[in-house]
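Summary of structural features
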Amino acid sequence: MSLYGGLLSLDQFQCSICLDIFNNPSSTPCGHSFCVACINQYWDGAKVCQCPLCKRTFQKRPDLQINRTLREITEQFRSMSGGGAEGGGVAKDKKEVKGRECAMPNDLLDELTRKLPRPHASLPVSIHEQGGQAIPGTLVSTSFTASSVPVQSPISAPGGPPQVAPRLVESYGRRRFTVSGAASGHSIPLCDLHHRGIMIFCRTDGECICPNCEVETHSGHDTVTVEAAWTEKQAQLKETEQQTREMIQERLLKIEEIRTSVSQLELVVERATTDSVCMFSALMATIERAQAELMQVMEANRRAAENQANTLIRQLELEVEELRKRQSVLTQLSTTDDHLQGVKNFATVPAPPPTKDWSGVSVSSDLGISAIYRSLAGEVEKFQEQLRGITETGFTASSLETSLARPQPKMRRVQEYAVDVTLDCNTAHPRLILSDDMKSVRCSDRHQLVPDNVERFDRVVCVLGREAISSGRHYWEVQVGGKTDWDLGVAKQSINRKGKIEVTPNNGYWFLSLRDKNKYAFRTEPSTDVHLNLRPNKIGIFVDYERGQVSFYNVEAKMHIYTFNDTFTEFILPFFSPCTNRSGKNDGPLVITSVDMSE
């Protein structure tokens, strides 16, 4: 609906929420006006309060007040629209402004002049002009037409100098500026060409312009207020800021991921190094041990063959001597010419001495090293299996959990208590063979001829150490690589050594056992299984007598395996059992080695 030639339109007094004429209008901080009930209902229940038109967001819900000036102007408009001329009729009293007609009645113009606030020097520059210059004033609801810009008419207020009142014109397209009840708090920059306030943004050209620029050079372009444009840009800035924040967060997470990967890689490298060293050390130790055993066995077999040969030669030489004596008698008899005497003496020729059938006799060439080669072949085959596994899967981090599950005691700390341990041959089971230096023991296939003294084990294949422990701390190391079964630890000096024995702590035995190559356990009641991902080749045994502790270590891997706690009340002795040789599969020895303190 229009009034007086369309100079005042319904759109200028219409709430954009309820689409009706303002009822108690209120202005938001961004300058747009709505019915106070409509805007409050629009914000009720919303998490964030924003303007329905420009979408400006307010951190705190504004405390809205009724815009009394706009309400009075709206009431005037409502009363005029109800009793005024129809179809854009012209009032009786009209004023001419710059050669154009203003259909606003004088009484309404005077009323607007009284109701509108007077200009103040501290207020922002208005978009209204007079004589080509911008003048201070209150920014009032002003719309622009496609062919003109806001114009002003000089009016007089009672008792004051001439003032300027804005002309209300039709909206430019669907865009309009609603009446604000208060002046903006910042100065508007001026256009260098037209000296008018720059308050319009051209989306088409991406420029901030004044109203004259909009009419002259940006006609038909997509334009909005600078405030609305800035609200849009703020939304874009927030989105861009959020995207940038997410990109930063993604990169920080990637940095942390890479650092974690490096830390894990260091653990894997450390573990792989330890596994590699242990694997190759075990192979080299097995080869060196096999080589030493080969030399020892071959030398022993050589001496046995030499002794056998000497014995056979002596027997043959004795037989040859007897045969030569008989040959001499026969030769003398054969040379006689007296037939009678020859016949008589032939009866006195001695009978041939008893002789042995030497056709099947020979010196044995069996070196007795097949068992050693079988054991070595088994170790090499196991090494090849390990190599194939590493080739397929590599050193994985799965075995790290066992070694890193608990802090490991320092090997050097316990190695400082190293002692010289030797074997007591008087306690060795008859099937055990001890080295000359009493540092090595292995199990043979048959019993040795040894005295059956009271100290000797006659049922359990084991041997004790000579060095009794009654106080302090003691440490020694035993080479166990290549064996499928063994027992190592300590035992009371007073243990029973005859017949069947229950090897438990209650009976005075504290030791770690290996069975079937990979089954580790402590002989408790019941036995305690120990899961080791890394098979030890050298075991370290540490005894703290006062604290009642027996600890076991994987020497090459520098890993603590297990600690048994008890109370010692008498002498204890080192305990060794190579177990039975299992038809050559477990014929390797247990070797007491010197402790290497170097890193």
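The rules we used
Residues numbered from 1 in each chain as written. Predicted model: local features only at pLDDT ≥ 70, side-chain atom pairs only at ≥ 80, totals over all residues. Heavy atoms only, no water. Patch = residues over 30% accessible without salt bridge, like charges linked within 9 Å, V, L, I, M, F, W, Y side chains within 5 Å. Areas by Shrake-Rupley, 256 points an atom, 1.4 Å probe, with all protein chains shown as cover. Salt bridge = Lys/Arg side-chain N within 4 Å of Asp/Glu carboxyl O. Helix = DSSP H or I, 4+ residues; strand = E, 2+ residues; numbered from the N terminus. Buried < 20%, exposed > 50% of the residue type's maximum accessible area, 1.4 Å probe, protein only. Pairing = 2+ DSSP bridges. Axes fitted to C-alpha atoms, helices over the stretch in contact; angles between N-to-C directions. Core = buried A, V, L, I, M, F, W, Y, C linked by side-chain atoms within 4.5 Å. Contact = heavy atoms within 4.5 Å. Parallel < 35°, antiparallel > 145°, perpendicular 65-115°, else oblique. Left-handed = near helix turned anticlockwise from the far one by under 90°. Nonpolar A, V, L, I, M, F, W, Y, C, P; charged D, E, K, R; others polar. Polar contact = N/O pair within 3.5 Å; in protein donor to acceptor, adjacent residues only side chain to side chain.

On the surface, Ile-248, Leu-252 and Ile-255 cluster together into a nonpolar patch covering about 270 Å² of accessible area. Checked against the element boundaries, Ile-248 lands in helix H5 (residues 226-334). Judged by relative accessible area, Ile-248 falls into the partly exposed class, the value being 47%.

Turning next to the pattern of salt bridges. Per the stated rule, a full pass over the model turns up 18 salt bridges. Arg-302 is the salt-bridge partner of Glu-306, the closest N and O atoms lying 3.1 Å from each other. Placement of the pair is Glu-306 and Arg-302 together in helix H5, with a separation of four residues, close to one helical turn. For Glu-306, a relative accessible area of 39% gives the class partly exposed. By relative accessible area, which is 42% here, Arg-302 ends up partly exposed. Note that Asp-516 is salt-bridged to Arg-582, the shortest N-O span being 3.1 Å.

This part takes up the sheet that holds strand E28 (residues 590-593). Strand order in this open sheet of seven strands is E16-E17-E28-E19-E24-E25-E26, and the pairing throughout is antiparallel. Since the sheet does not close on itself, it has two edges, and those belong to strand E16 (432-434) and strand E26 (559-565), each with one partner. Neighbour to neighbour, the strand axes of the sheet diverge by 20 degrees on average, direction disregarded. Two strands pair when backbone bridges link them, and strand E24 (residues 538-544) and strand E25 (residues 549-554) are joined in this way by six bridges, in the antiparallel orientation. Considered in E25, the bridge of Val-543 is made with Val-550.

Ranked by internal contacts, the top residues of the largest apolar core, which has 36 residues, are Trp-476, Trp-486 and Phe-576. Look past the residues within four positions of Phe-576 in its chain and what remains in contact with it is Val-421, Leu-423, Cys-462, Val-463, Gly-465, Trp-476, Val-478, Asp-487, Leu-488, Leu-590 and Ile-592. Counting residues in each nonpolar core, the second largest holds 18 residues, with Phe-34, Cys-51, Ala-228 and Ala-229 among its members.

The side chains of a regular strand alternate, first on one face of the sheet and then on the other. For strand E27 (residues 572-577), a buried count of six out of six residues is recorded, marking the element as mostly surrounded by other parts of the structure. Sheet analysis places strand E18 (residues 463-464) next to E27, joined by two bridges and oriented antiparallel. Each residue of the ladder has a partner; that of Val-463, found in E27, is Phe-576. When strand E20 (residues 486-492) meets E27, the two strands line up antiparallel, connected through six bridges. Paired with Asp-487 across the bridge in E27 is Ser-577.

Here we take up the packing of H5 against helix H7 (residues 370-393). Two numbers describe a pair of packed helices, the interaxial angle and the distance between the axes. In contact at an axis separation of 10 Å, H5 and H7 are set at 165 degrees when each is read in the N-to-C sense. The angle between H5 and H7 falls in the class roughly antiparallel. Considering the relative orientation of H5 and H7, their crossing is left-handed. Where H5 abuts H7, its residues Met-279, Phe-280, Leu-283, Thr-286, Ile-287, Ala-290, Glu-293, Leu-294 and Val-297 lie against Ile-372, Tyr-373, Leu-376, Glu-379, Val-380, Phe-383, Gln-386, Leu-387 and Ile-390. Residues that form the contact of H5 with H7 fall into these classes: 14 nonpolar, two polar and two charged.

Turning next to the environment of Asp-452. Structurally, the position occupied by Asp-452 is in the loop between strand E17 (440-443) and E18. With 25 residues separating them along the chain, Asp-452 and Thr-427 place their C-alpha atoms 9.6 Å apart. For Asp-452, the side chain forms a polar contact with the side chain of Lys-498, separated by 3.1 Å.

This part is about the pairing of strand E19 (residues 473-479). For E19, the buried fraction is high: six of the seven residues fall into the buried class. By the bridge criterion, seven bridges tie E19 to E24 in an arrangement that is antiparallel. When the bridges of E24 are listed, Gln-479 appears paired with Lys-538. Of the strand pairs in this sheet, E19 and E28 are connected by three bridges, and their pairing is antiparallel. Residue pairing for E28: Glu-477 is matched across the bridge by Thr-593.

The phi dihedral of Lys-517 is positive, around 75 degrees, even though this residue is not glycine. Here Lys-517 is to be found in the loop between strand E21 (509-515) and strand E22 (519-522). The backbone of Lys-558 shows a phi angle near 55 degrees, a positive value even though the residue is not glycine. Within the element layout of this structure, Lys-558 appears in the loop between E25 and E26. The class for Lys-558 is partly exposed, based on a relative accessible area of 42%.

Don't take any of this as a statement about function, it's just geometry.
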